[in-house]
Amino acid sequence: MEETSSDHHKRMEYCTTRLQYRQGRELKAVKVYTVASESRHLLIFGVPKINLQANLKTKLQGFGRLESCICITSVMASKMELEAFTDVFAVKFERLDVARRAKRMLDARPFYGGILHISYAPERESQQELREKLLQRGQEVALRIRCNRRDEDPPPKKSREAK
């Protein structure tokens with residue numbers, strides 16, 4: 001199955017086949033993200049079309065430093081079917097962890113009468129941004145490995161010899 005560049009932005013159905021002990025309080029759409037598919041760039045769907053860009057920007061700045069927030073409704077309308085009377089915004093955060101937190105906290109939440117749908121937009125990244133993201137992830141993994149080795153192997157204690 002060949003996937004177009006906008007297929008991964010469609011809202012997934014909630015998973016109803018998970019075991020009860022794994023379900024949690026809220027139903028979730030189960031999706032796995034790779035390092036390359038996560039991004040500082042987010043697409044925010046479902047914002048009511050009543051000039052809410054400033055309000056959205058203020059809400060997003062509560063999570064961390066925002067580099068840009070632009071309305072791309074006309075561009076996305078040509079690529080996929082959008083909900084009527086809603087806008088789509090392309091947002092770029094300064095750091096990946098801030099984008100991750102904003103997505104987790106705001107996805108499927110109400111905003112001025114509309115339900116937000118937030119997805120990563122790695123197709124908006126430049127090659128340099130992708131390269132930096134992969135290098136940063138490599139450094140994070142190396143740091144975790146070092147920390148785990150240090151916690152795993154405590155230095156041997158010297159035994160006192162009786163005199």
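Structure report, in brief. (Residues numbered from 1 in each chain as written. Predicted model: local features only at pLDDT ≥ 70, side-chain atom pairs only at ≥ 80, totals over all residues. Heavy atoms only, no water.)

### Considering the nonpolar core
- Counting 20 residues, the largest nonpolar core has Ile 44, Val 47, Leu 56, Leu 60, Phe 89, Val 91 and Phe 93 as its most contacted members.
- Of all elements in the fold, only strand 1 (41–48), helix 2 (53–61), strand 2 (66–71), strand 3 (86–93), helix 4 (96–106) and strand 6 (117–120) reach the threshold of two or more residues within this core.
- Apart from residues no more than four positions distant in its own chain, Leu 56 is found in contact with Ile 44, Val 47, Cys 69, Phe 89 and Phe 111. (Core = buried A, V, L, I, M, F, W, Y, C linked by side-chain atoms within 4.5 Å. Buried < 20%, exposed > 50% of the residue type's maximum accessible area, 1.4 Å probe, protein only. Helix = DSSP H or I, 4+ residues; strand = E, 2+ residues; numbered from the N terminus. Contact = heavy atoms within 4.5 Å.)

### Remarks on the sheet that holds strand 2
- On the basis of which strands lie adjacent, the open sheet formed by four strands has the order 2-3-1-6 and antiparallel pairing. On the outer flanks of this sheet lie strand 2 and strand 6, each paired with one strand and no other. Averaged over all pairs of adjacent strands, the angle between strand axes in this sheet comes to 20°, irrespective of strand direction.
- Examined bridge by bridge, strand 1 and strand 3 share six bridges and lie antiparallel to one another. Looking at strand 3, one finds that Leu 43 is bridged to Ala 90. (Pairing = 2+ DSSP bridges. Axes fitted to C-alpha atoms, helices over the stretch in contact; angles between N-to-C directions.)

### With respect to helix 4
- Listed in full, the buried residues belonging to helix 4 are Leu 96, Val 98, Ala 99, Ala 102, Lys 103 and Leu 106. Considered in projection along helix 4, the buried side chains sweep an arc of 160° and stay on one side of the axis.
- Where the residues of helix 4 are buried, they touch strand 1, helix 2, strand 3, strand 6 and helix 5 (127–152).
- A positive backbone phi angle near 65° is found at Ala 108, which sits one or two residues after helix 4. (Arc of directions from axis to C-beta.)

### Quick notes on the packing of aromatic side chains
- Going through the model one piece at a time under the given rule, you end up with one aromatic pair.
- Considering the side-chain rings of Phe 111 and Tyr 112, the 4.9 Å spacing of their centres and the 80° angle between planes classify their relative orientation as edge-to-face. (Phe/Tyr/Trp six-rings, centres within 6.5 Å; stacked < 30°, edge-to-face > 60°.)

### A few points about the environment of Ser 78
- Among the secondary structure elements, Ser 78 is positioned in helix 3 (residues 73–79).
- Look at Ser 78 and you get exposed, because its relative accessible area is 62%.
- Looking at Ser 78, its side chain comes within polar contact range of the main-chain oxygen of Val 75, at 2.7 Å. (Polar contact = N/O pair within 3.5 Å; in protein donor to acceptor, adjacent residues only side chain to side chain.)

### Comments concerning the side chain of His 41
- You can see His 41 is positioned in strand 1.
- On the accessibility criterion, His 41 (7% relative accessible area) is buried.
- Within the structure, His 41 has its side chain in polar contact with the side chain of Glu 129 (distance 3.3 Å).
- Residues contacting His 41, with those up to four places away along its chain left out, are Val 91, Lys 92, Ser 119, Tyr 120, Ala 121, Arg 124, Glu 125 and Glu 129.

### A closer look at the pattern of salt bridges
- Within the structure shown, the criterion is met by 10 salt bridges.
- In this structure, Glu 129 engages Lys 92 in a salt bridge whose closest nitrogen and oxygen atoms are separated by 2.7 Å. Placement of the pair is Glu 129 in helix 5 and Lys 92 in strand 3, with a sequence separation of 37 residues.
- Arg 137 is paired through a salt bridge with Glu 140; the nearest N and O atoms lie 3.9 Å apart. Highlighted residues: Arg 137 and Glu 140, both in helix 5, separated by three residues, approximately one helical turn.
- Note on Arg 137: relative accessible area 30%, which makes it partly exposed.
- The network of salt bridges with shared partners includes Arg 40, Glu 67, Lys 92 and Glu 129. (Salt bridge = Lys/Arg side-chain N within 4 Å of Asp/Glu carboxyl O.)

All we've got here are geometric facts, nothing functional implied.
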